[in-house]
Amino acid sequence: MKKRLTNNIGLKILALLASIILWLIVVNINDPEVTKTYEGIEVEILNTDAVTNDGKTFEILENSNYINVTITAKKSVMSALGKENIHATADMSQLTFMNTVGINVTTDRSNNDIENIKLSSVNLKLSIEDIARKQLVINMKTSGKPGEGYITGDVRSDRNIVQLSGPKSVIDSIVSAEAVADITGMTSDISTSAEIRLYDADGKQIRSSSVVKNINAINVTVEILGTKRVPLKYEIMGTPVNGYALTGQVTSTPESVRIAGKPSTLAGIKEISIPETAVNVTGQSSDMTVIVDVNKYLPDGIMLADSAFNGKATIVVSIEKEKSVTAEITAKSISITNIPRGYDVSIVEFEEPVTVTLIGIPEDIEKINTSSLTGMINMTTVMENLGITQLETDHYYSVPVTFSIPVNVRTSVDEFVVSIYVTEK
């Protein structure tokens, strides 16, 4: 029996080895080693007070706080291993003289289950600087355009100062802080929260996680105003130098302005009136140009709506040298109208012809036909001016004569007066 068991011992050992190898092959086929890369693993920074307690601050360079981790393990292990099972840390107490900190990666699986762990970067890269502080006024702005026919009014906020701290080089580069409210399509006042943004001298936004703000946003209230276009109306005071007169032509640039305000206020405004004190032609002998600041004459609660218009309007008042002509007036060329019933009225003590001088600007004088110039006595007007309701018979009255001449033409005397006699009809 013993001899039978010991026969062919080499073959038996070979069979055992073959069995073991076969078993290993079967195991590896069913649960092979696999390799997988997990991207964007964030590195947790530990013991930051090791730097900050010395009055320093740090900034992470080159996004080195995010790494890729490549793991090799059995397929059965990898199937249960996710990104959330991988932990990367950097201990700031281990800071080197090159301002780097080694990155340590672990998983929540046993080390025996992991064949290999490889990191895309083994060091956290830092910039270490003195900490600096700055205080800035927050500039409140808007973006977008309100609804058609509306503009932006006052922009207010609950706070207007932001305090910053961070690396000195970054803090020194910050020159302005802004909070922007979007008003696109708005037709009424809005109140919103606006993020505080930081900018350098070139207007480039500074985004740095190492800069700490005492507030990150402010509440902004934006006033939305309605608009309408209204004409400018001017009054003129004074008289030009003797021998010159206004032509009646006044031009302004612009002729109208677009104003803004609350709809209830806008509804009652038809024009912007410029008082006569702003346009005084006294002593002028040629066209007069006046620059008027329209802002001074806007009603309360109203503002100019066009940002491109500085509020200055140019007024040109036309003034010309006067011209005169003479005309001969007879009693027959004066008509008497509106004589009360039962009376006769006639002109007396009239030495004809009487020469009348007419004075005005050339344009008006040239409209007058002196050969057919007529005068008129309106008895209704006469009685109103005398304060009477009934004429006395056999009585004389001194009354003014009016002429059918352009309104800006005058006679050489203040009043052309004749004597009339009233009798009973």
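Residues numbered from 1 in each chain as written. Predicted model: local features only at pLDDT ≥ 70, side-chain atom pairs only at ≥ 80, totals over all residues. Heavy atoms only, no water.

**Student:** What am I meant to see in the packing of aromatic side chains here?
**Tutor:** The description of two aromatic rings rests on the distance between their centres and on the angle between their planes. As enumerated under the stated definition, the model contains 2 aromatic pairs in all. On the basis of an interplanar angle of 45 degrees and a centroid distance of 4.5 Å, the ring pair of Tyr396 and Tyr421 is categorised as tilted. Here Tyr396, found in strand β25 (residues 395-400), pairs with Tyr421, found in strand β28 (residues 417-424); they are 25 residues apart in sequence, far enough to count as distant. Look at Tyr396 and you get partly exposed, because its relative accessible area is 47%. (Phe/Tyr/Trp six-rings, centres within 6.5 Å; stacked < 30°, edge-to-face > 60°. Helix = DSSP H or I, 4+ residues; strand = E, 2+ residues; numbered from the N terminus. Buried < 20%, exposed > 50% of the residue type's maximum accessible area, 1.4 Å probe, protein only.)

**Student:** What exactly am I supposed to notice about the pattern of salt bridges here?
**Tutor:** Opposite charge on two side chains lets them pair, provided their charged atoms get close. Summed over all chains, the structure comprises 12 salt bridges. Of the charged contacts, one joins Lys56 and Asp130 as a salt bridge, the two residues approaching to 2.6 Å between their closest N and O atoms. One end of the pair, Lys56, is in strand β2 (residues 56-60); the other, Asp130, is in strand β7 (residues 123-143), with 74 residues separating them in the sequence. Classification of Lys56 as partly exposed rests on a relative accessible area of 33%. Asp130 gets classed as partly exposed once you look at its relative accessible area, which sits at 41%. The partner of Lys125 in a salt bridge is Glu62, and the shortest N-O contact between them spans 3.0 Å. Highlighted residues: Lys125 in strand β7 and Glu62 in the loop between β2 and β3 (66-74), separated in sequence by 63 residues. Through salt bridges with shared partners, a single network forms among Asp189, Glu223 and Lys262. (Salt bridge = Lys/Arg side-chain N within 4 Å of Asp/Glu carboxyl O.)

**Student:** Please explain the nonpolar core as it appears in this structure.
**Tutor:** In a soluble, globular protein the nonpolar side chains are often hidden away together inside. Residues Ile334, Leu373, Ile377, Phe403, Phe416, Val418 and Ile420 are the most contacted members of the largest nonpolar core, which totals 27 residues. For Ile420, the residues in contact, after removing those within four places along its chain, are Val345, Ser346, Ile347, Val348, Ile377, Met379, His395, Tyr396, Tyr397 and Val399. (Core = buried A, V, L, I, M, F, W, Y, C linked by side-chain atoms within 4.5 Å. Contact = heavy atoms within 4.5 Å.)

**Student:** I'm lost on the environment of Val409 in this one. Help?
**Tutor:** Turning to its location among the elements, Val409 is positioned in the loop between β26 (402-403) and β27 (410-411). By relative accessible area, Val409 is classed as buried at 7%. Residues contacting Val409, with those up to four places away along its chain left out, are Leu358, Ile359, Gly360, Asp364, Ile365 and Ile368.

**Student:** Explanation requested: the sheet that holds β25 in the structure shown.
**Tutor:** Across a sheet, strands are paired by hydrogen bonds formed along the backbone, either parallel or antiparallel in direction. Reading across the sheet, the 3 strands line up as β22-β28-β25 and stay open at both edges, with antiparallel pairing between neighbours. Across the chains shown, the open sheet's two edge strands, defined by having one partner strand only, are β22 (343-348) and β25. Sheet twist, expressed as the average angle between the axes of neighbouring strands with direction ignored, equals 35 degrees. For β22 and β28, the ladder comprises 6 bridges, and the chain directions are antiparallel. By the bridge assignment for β28, Ile347 is matched with Ile420. (Pairing = 2+ DSSP bridges. Axes fitted to C-alpha atoms, helices over the stretch in contact; angles between N-to-C directions.)

**Student:** Could you clarify how one ought to interpret unusual backbone geometry in this entry?
**Tutor:** Excluding glycine, a negative phi dihedral is what most residues carry, and trans is how most peptide bonds are arranged. In this structure, Pro254 follows Thr253 across a cis peptide bond, with omega equal to 0 degrees. Among the secondary structure elements, Pro254 is positioned in the loop between β14 (244-253) and β15 (256-261). Backbone geometry places Asn338, a non-glycine residue, at a positive phi of 55 degrees. The phi angle at Asp394 is positive, at roughly 55 degrees, despite the residue not being glycine. Its location among the elements puts Asp394 in the loop between α8 (379-386) and β25.

**Student:** Please clarify how the layout of surface pockets should be interpreted in this entry.
**Tutor:** Think of a ball as big as a water molecule: rolled over the atoms, this probe shows where empty space is left. By volume, the largest pocket is sized at about 300 Å³. What lines the largest pocket is a set of 16 residues, and nearest its centre among them are Phe58, Glu59, Ile60, Ser209 and Ser210. Elements with a contribution of two residues or more to the lining of the largest pocket: β2 and β9 (161-167). Counting residues per element, the lining of the largest pocket draws most heavily on β2, which supplies 4 residues. By residue class, the composition of the lining of the largest pocket is 5 nonpolar, 8 polar and 3 charged. Of the voids in this model, the second largest pocket is the one considered here, and its volume is about 180 Å³. In terms of lining residues, the second largest pocket is bounded by Gly149, Tyr150, Ile151, Thr152, Arg258, Met303, Leu304, Ala305, Asp306 and Ser307. If one sorts the elements of the lining of the second largest pocket by residue count, strand β8 (residues 150-157) sits on top with 3 residues. The residue makeup of the lining of the second largest pocket, split by class, is 5 nonpolar, 3 polar and 2 charged. (1 Å grid on protein atoms, 1.4 Å probe; cavity = no way out; pocket = protein on both sides within 12 Å on 5 of 7 lines; lining within 4 Å. Points joined across faces, edges and corners; volume = space filled by probe spheres on them. Nonpolar A, V, L, I, M, F, W, Y, C, P; charged D, E, K, R; others polar.)

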